[in-house]
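Topology and contacts: notes
Given next are the chains, with one letter for each unit.
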Amino acid sequence: ISALTKLQPTDMWGKGEPRRHTRGQYTFSMIEFRPNPEPDDFEDKLRKLLDFVEDDRAGVKKLVEYASGYIQVGTHFYYLNGGIGGLHLDKDSVKRLADLNLEIDFDLYVGGNPIRD
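Residues numbered from 1 in each chain as written. Predicted model: local features only at pLDDT ≥ 70, side-chain atom pairs only at ≥ 80, totals over all residues. Heavy atoms only, no water.

Section: helix H1 (residues 42-53)
The end-to-end C-alpha separation of H1 is 16 Å, in line with the 16 Å expected for twelve residues at 1.5 Å each. What H1 keeps buried is the set Phe42, Asp44, Leu46, Leu49, Leu50 and Val53. The elements touched by buried residues of H1 are helix H2 (57-67), strand E3 (71-78), helix H3 (91-99) and strand E4 (104-111). (Helix = DSSP H or I, 4+ residues; strand = E, 2+ residues; numbered from the N terminus. Expected span 1.5 Å × (residues − 1). Buried < 20%, exposed > 50% of the residue type's maximum accessible area, 1.4 Å probe, protein only. Contact = heavy atoms within 4.5 Å.)

Examining the pairing of E3
Burial of the side chains of E3 is restricted to one face: Ile71, Val73, Thr75 and Phe77 are buried, whereas none of Gln72, Gly74, His76 and Tyr78 on the reverse face is. In the sheet, E3 pairs with E4 via eight bridges, with the strands oriented parallel. Its bridge partner being in E4, Val73 is matched across the sheet by Phe106. (Pairing = 2+ DSSP bridges.)

Observations regarding the packing of H1 against H3
For the pair H1 and H3, interaxial distance at closest approach is 11 Å and the crossing angle is 35 degrees. For the element pair H1 and H3, the recorded crossing hand is left-handed. Contacts between H1 and H3 involve Leu46, Arg47, Leu50 and Asp51 from the former and Ser93, Arg96 and Leu97 from the latter. Partitioned by chemical class, the residues of the contact of H1 with H3 number three nonpolar, one polar and three charged. (Axes fitted to C-alpha atoms, helices over the stretch in contact; angles between N-to-C directions. Left-handed = near helix turned anticlockwise from the far one by under 90°. Nonpolar A, V, L, I, M, F, W, Y, C, P; charged D, E, K, R; others polar.)

The values are spatial; any link to function lies outside them.
Structure representation (structure tokens):
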């Protein structure tokens, strides 16, 4: 699937290759792009990712069409006796995602202990 785009992947594996952290083989191929792996807020990370993938719009559209490409977001929140915060998609980001026909999936994780008085 890496041949569908000119973008340089951060990570990838092919169907049938040995799994890295468990036994068995991968049952699907995967390509990953992380243009800014450092900690940052969601909105900034999404903006930088879209800047990166828009360098090869045609290739990204091929990844979406032929390889079920999408954006995966994993967010870790610290539990603080109530709300965990949220993620915001501004109009510009929504338009940019739509122009690339990209879906976005959110995995939200909460950890930590409640604060006691």
